[in-house]
Amino acid sequence: MNTPDTVLIVEDDEALRILLKIMLELNGLRVITASDGVEAIDTFLENKENIGVVLSDLGLPRLGGWEAFLKMKESNPNLKGILASGFFEKNVKEEIIKSGVNTFIEKPYDMPLIISMIRNMLGNENQNK
């Protein structure tokens, strides 16, 4: 069976989405992108055998990052998730973790931290160098 080795980035800020994609690809990761929660679910369902990690902004148009992740996780219970936001309320954060999101990162993005988290979630065999 093929091990999912692709990251789905879900970010509504186009410049940030492009920057994340470039930075992750320069570090040897495979990347697919979506600009909102609805597009993320459609993209995931088209590529679910390859996607191992979802990196999503929490606040997205049409459908929020958490809600979109939950829909994707219904289709693949092993899917790993990282949610990003400028601010997380403690009680909301606890509820999100209970629902299966693996971790959180705060904006602005810390690229070395994101790359390390994703590589760890995908497994050592997907590390570059």
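See the structure printed just above.
Bear in mind the structure is a predicted one, so any value in this text is a computation, not a measurement.

Trainee: Quick question: what am I supposed to make of the overall build of the chain here?
Mentor: The helix and strand tally for the chain stands at five helices and five strands. When its helices and strands are written in sequence order, the chain yields β-α-β-α-β-α-β-α-β-α. The C-alpha atoms of the chain give a radius of gyration of 13 Å, which matches the 14 Å a tight globule of 129 residues would have. In terms of overall dimensions, the chain has C-alpha extents of about 40 × 30 × 25 Å along its principal axes. With 129 residues in all, the chain has 46% of them scored as buried. When contacts within the chain are restricted to residue pairs at least 6 apart in sequence, long-range pairs at least 24 apart make up 65% of them. Of the roughly 6900 Å² of accessible surface on the chain, a fraction of 50% belongs to carbon and sulfur atoms. When the 14 basic and 20 acidic side-chain charges of the chain are each reduced to a single mean position, those positions are 5 Å apart.

Trainee: Looking at this structure, how should I read a nonpolar patch on the surface?
Mentor: Residues Ile-18, Ile-22 and Leu-26 make up a contiguous nonpolar surface patch of about 290 Å² in total accessible area. Position of Ile-18 relative to the elements: it lies in helix 1 (residues 14-26). The exposure class assigned to Ile-18 is partly exposed, which follows from its relative accessible area of 42%.

Trainee: It is not clear to me how helix 1 should be interpreted in this structure. Could you clarify?
Mentor: Helical geometry note: an α-helix holds 3.6 residues per turn, so side chains three or four residues apart project in the same direction. In this model, helix 1 (13 residues) spans 18 Å end to end at C-alpha, consistent with the 18 Å of a helix rising 1.5 Å per residue. Where the residues of helix 1 are buried, they touch strand 1 (6-10), strand 2 (30-34), strand 3 (51-57) and helix 5 (111-122). Phi turns positive, to about 80°, at Gly-28, one or two residues after helix 1.

Trainee: Would you mind going over the pattern of salt bridges with me for this structure?
Mentor: A side chain with one charge can pair with a side chain of the opposite charge if their charged atoms come near. Counting across every chain of the model gives five salt bridges. With a shortest N-O distance of 2.4 Å, Lys-21 and Glu-25 are connected by a salt bridge. Within this pair, Lys-21 and its partner Glu-25 are both found in helix 1, separated by four residues, close to a single helical turn. Glu-25 sits in the partly exposed class, given a relative accessible area of 36%.

Trainee: Could you clarify how one ought to interpret the environment of Met-23 in this entry?
Mentor: Its location among the elements puts Met-23 in helix 1. In the structure, Met-23 is positioned 12 residues away from Glu-11 in sequence and 14 Å away in space, judged by C-alpha atoms. Beyond its immediate sequence surroundings of up to four residues, Met-23 is in contact with Met-111 and Ile-115.

Trainee: Even after reading the chapter, I still don't get the side chain of Thr-43, so can you show me in this structure?
Mentor: With respect to the secondary-structure elements, Thr-43 resides in helix 2 (residues 37-47). Other than its neighbours up to four places away in sequence, Thr-43 contacts Leu-8, Ile-32, Thr-33, Ala-34 and Ile-51.

Trainee: How should I be thinking about the sheet that holds strand 1 in this particular structure?
Mentor: Strand pairing in a sheet relies on backbone hydrogen bonds. The paired strands run either parallel or antiparallel. Taken in spatial order, the five strands make up an open sheet running 2-1-3-4-5, and their pairing is parallel. Two strands lie at the open edges of the sheet, namely strand 2 and strand 5 (103-106), each paired on one side alone. Geometrically, the sheet is characterised by an average inter-axis angle of 20° between neighbouring strands, direction not taken into account. As judged from the five bridges shared by strand 3 and strand 4 (residues 80-85), these two strands associate in the parallel manner. Bridging across to strand 4, Leu-55 finds its partner in Ile-82. The strands touched by helix 1 within the sheet are strand 1, strand 2 and strand 3, with strand 2 carrying the most contacts at an inclination of about 170°. With respect to the sheet, helix 2 is in contact with strand 1, strand 2 and strand 3, its orientation differing from that of strand 2 by roughly 140°.

Cut-offs and rules
- Residues numbered from 1 in each chain as written.
- Predicted model: local features only at pLDDT ≥ 70, side-chain atom pairs only at ≥ 80, totals over all residues.
- Heavy atoms only, no water.
- Helix = DSSP H or I, 4+ residues; strand = E, 2+ residues; numbered from the N terminus.
- Rg over C-alpha atoms; globule rule 2.2 N^0.38 Å.
- Buried < 20%, exposed > 50% of the residue type's maximum accessible area, 1.4 Å probe, protein only.
- Contact = heavy atoms within 4.5 Å.
- Areas by Shrake-Rupley, 256 points an atom, 1.4 Å probe, with all protein chains shown as cover.
- Lys, Arg positive; Asp, Glu negative; His and termini not counted.
- Charge placed at Lys NZ, Arg CZ, Asp CG, Glu CD.
- Patch = residues over 30% accessible without salt bridge, like charges linked within 9 Å, V, L, I, M, F, W, Y side chains within 5 Å.
- Salt bridge = Lys/Arg side-chain N within 4 Å of Asp/Glu carboxyl O.
- Expected span 1.5 Å × (residues − 1).
- Pairing = 2+ DSSP bridges.
- Axes fitted to C-alpha atoms, helices over the stretch in contact; angles between N-to-C directions.

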